[in-house]
Amino acid sequence: LMCGCADCQHFCIVSSRYIRIVGTHNTVNKVFHLVAFECTFTHKNFTLEQGLMVPTENVATIAECASVIEGVSRSRNALLNGDTKNYDWDSGYTCHQLGSGAIVVQLAQPYMISSIRLLLWDCDDRSYSYYIEVSTNQQQWTMVADRTKVPCRSWQTITFDRQPTCFIRIVGTHNTANEVFHCVHFECPAQTISHKEESVEESSSSEQTVSLTLRASSANSLHTGTDPSGRSQGH
């Protein structure tokens, strides 16, 4: 059941008939005691590649046990709650100071991922620049999107060669309004755009899609941040 990714300690979906648990140490005596054990199964069809599940639905959600492990927000998982409408100057986004830190999402387990979609804060006419890296162990990172020289607004869809992914790091490099990078929504793999979102994009900017083959993390940051207007605030 253990993932085959180097240095990865997350469990993956595999076909199994037998499970062996071997105790190796007990600080009191020479016996290994097991009180409870659970194993889940599903009749739902899914695709495996390199022993990892290839999801078609968004796995970066609270329901799928994903979490934001780095980034500043008034609500810890605002980035993953699926709300793409209710955000303003004060809430509904996750951010980090340019030149310091990042926004990092951890999935419940490694998946084979080939696309990412995010919504940049867009309540005015500012634009951002950023890059995105993925990893299975937070030690070796692969860049899957380089938008450091491109002004980006609103919805962003990133596609890349499918690869094992458990951690996604979004690093803002520029903001035309202030020194903070703000992201409202994140999902992977990227889901179909609704008609309502398309109309919003047409009025603000067209969706930017990038296809690339290119190449820490602590619990939710509680540093002082800056809201999109540039005002200093504590989180």
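Structure report, in brief. All of these numbers come straight from a predicted model, not from anything done at the bench. (Residues numbered from 1 in each chain as written. Predicted model: local features only at pLDDT ≥ 70, side-chain atom pairs only at ≥ 80, totals over all residues. Heavy atoms only, no water.)

### Brief notes about the overall build of the chain
Applied cut-off: Only runs of H or I of at least four residues qualify as helices and only runs of E of at least two qualify as strands under DSSP, and these elements are numbered from the N terminus. When accessible area is computed with a 1.4 Å probe and restricted to protein chains, residues below 20% of their type maximum are described as buried, those above 50% as exposed, and intermediate ones as partly exposed. Accessible areas in this description were obtained via Shrake-Rupley with a 1.4 Å probe; residue shielding takes into account the shown protein chains only.
Secondary structure summary: the chain contains 1 helix and 12 strands in total. Reading the chain from its N terminus to its C terminus gives the helix and strand order β-β-β-β-β-β-β-β-β-α-β-β-β. Put simply, the chain has 235 residues, and 46% of those count as buried. Of the roughly 12,800 Å² of accessible surface on the chain, a fraction of 49% belongs to carbon and sulfur atoms.

### Comments concerning the pattern of salt bridges
Operational definition: Every case where a carboxyl oxygen of Asp or Glu lies within 4 Å of a side-chain nitrogen of Lys or Arg is listed as a salt bridge.
Evaluation of the coordinates by the stated rule reveals 4 salt bridges. Asp 124 is the partner of Arg 126 in a salt bridge, and the nearest nitrogen-oxygen pair spans 2.9 Å. The class of Arg 126 is buried, set by a relative accessible area of 3%.

### Remarks on a nonpolar patch on the surface
Selection rule: For patches, a residue must show more than 30% relative accessible area and have no salt bridge; joins then use 9 Å for like charges and 5 Å for nonpolar side chains, namely Val, Leu, Ile, Met, Phe, Trp and Tyr.
A surface patch of nonpolar side chains, amounting to about 470 Å² of accessible area, comprises Ile 19, Ile 21, Phe 32, Leu 34 and Phe 37. With respect to the helices and strands, Phe 37 occurs in the segment before β1 (47–49).

### A look at the pairing of strand β5 (residues 103–120)
Rule in force here: Pairing between two strands requires that DSSP report at least two bridges joining them.
The element β5 is largely enclosed, with a buried count of 16 among its 18 residues. Inspection of the sheet shows strand β3 (residues 67–70) paired to β5 by 3 bridges, in the antiparallel sense. Of the residues in β5, the one forming a bridge with Val 68 is Val 105. Of the pairings in the sheet, the one linking β5 to strand β9 (residues 180–187) comprises 4 bridges and is antiparallel in character. Following the sheet pairing, Leu 119 is matched in β9 by His 185.

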